[in-house]
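# Structure at a glance
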Amino acid sequence: MEVTYQIIGTIHSPFTDQDTTPIQSIFSEAEGTIEVFPEYADGLEGVEGFSHIILLYHFHRANGFSLRQRPFVDGSKERGIFAIRHFSRPNPIGISLVEVVSVEGNTVRVRGIDVLDGTPLLDIKPYVRQFDHRDEVRSGWVDAKHIEEVKVRSFSPKDLREHEESS
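Below or above, wherever it landed, is the structure these notes cover. Every value quoted in this text rests on a predicted model; they were computed, and no experiment measured them. (Residues numbered from 1 in each chain as written. Predicted model: local features only at pLDDT ≥ 70, side-chain atom pairs only at ≥ 80, totals over all residues. Heavy atoms only, no water.)

Quick look at the pairing of strand β2 (residues 31-36) now. Of the two faces of β2, only the one carrying Gly32, Ile34 and Val36 is buried; Glu31, Thr33 and Glu35 on the other face are not. As defined by bridge partners, strand β1 (residues 9-12) adjoins β2 across four bridges and the pair is classed as antiparallel. Across the sheet, the residue bridging to Thr10 is Glu35, located in β2. In the sheet, β2 pairs with strand β7 (residues 107-111) via five bridges, with the strands oriented antiparallel. Following the sheet pairing, Ile34 is matched in β7 by Val108. (Buried < 20%, exposed > 50% of the residue type's maximum accessible area, 1.4 Å probe, protein only. Helix = DSSP H or I, 4+ residues; strand = E, 2+ residues; numbered from the N terminus. Pairing = 2+ DSSP bridges.)

Next up, the structure:
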């Protein structure tokens with residue numbers, strides 16, 4: 001079986017280096033734009049009514065994959081790739097939850113971007129609180145790391161490495 005996806009647009013952000021890009025959108029205040037190709041622009045109808053959208057994209061700078069990686073927030077131990085959000089995956093697909101600032105034509109302005117500039121966009125889905133929010137959640141090994149207590153400039157791989165080395 002062969003699976004093929006169409007790139008529907010391009011994500012634009014201030015980030016050009018993987019090492020200084022925030023590892024998750026929750027740690028980013030940066031603004032960016034989502035350029036949806038004209039032939040898909042009609043699909044944006046109604047997006048302006050949502051405060052947040054989920055971006056699915058292709059990690060275009062990933063080179064190969066490994067089934068075990070050291071997560072950025074815990075470099076001390078390798079974890080299975082499906083238990084972390086690292087970009088070196090069998091299918092290099094990323095996901096980000098971003099805030100919608102505005103929709104103009106085929107462009108969505110967003111806040112909280114954590115994606116490299118020029119990243120190919122695969123899909124956009126609305127974040128629906130009634131469908132997507134969960135109250136009782138376990139976050140595996142992440143819970144033990146107490147991420148909410150880590151104080152770094154930004155949650156980029158570089159800042160997290162420096163934090164770990166100084167701890």
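Moving on from the coordinates now.
This part takes up the nonpolar core. Within the largest apolar cluster, 23 residues are counted, with the highest numbers of intra-cluster contacts made by Ile11, Ile34, Ile53, Leu55, Ile113, Leu121 and Ile124. When contributions to this core are tallied by element, the ones reaching two or more residues are β2, β3 (52-58), β6 (93-104), β7 and β8 (119-126). Once you skip the residues sitting within four places of it in the chain, Leu55 turns out to touch Ile11, Ile34, Gly94, Ile95, Ser96, Val98, Ile113, Leu121, Asp123 and Ile124. (Core = buried A, V, L, I, M, F, W, Y, C linked by side-chain atoms within 4.5 Å. Contact = heavy atoms within 4.5 Å.)

Geometric values such as these leave the question of function open.
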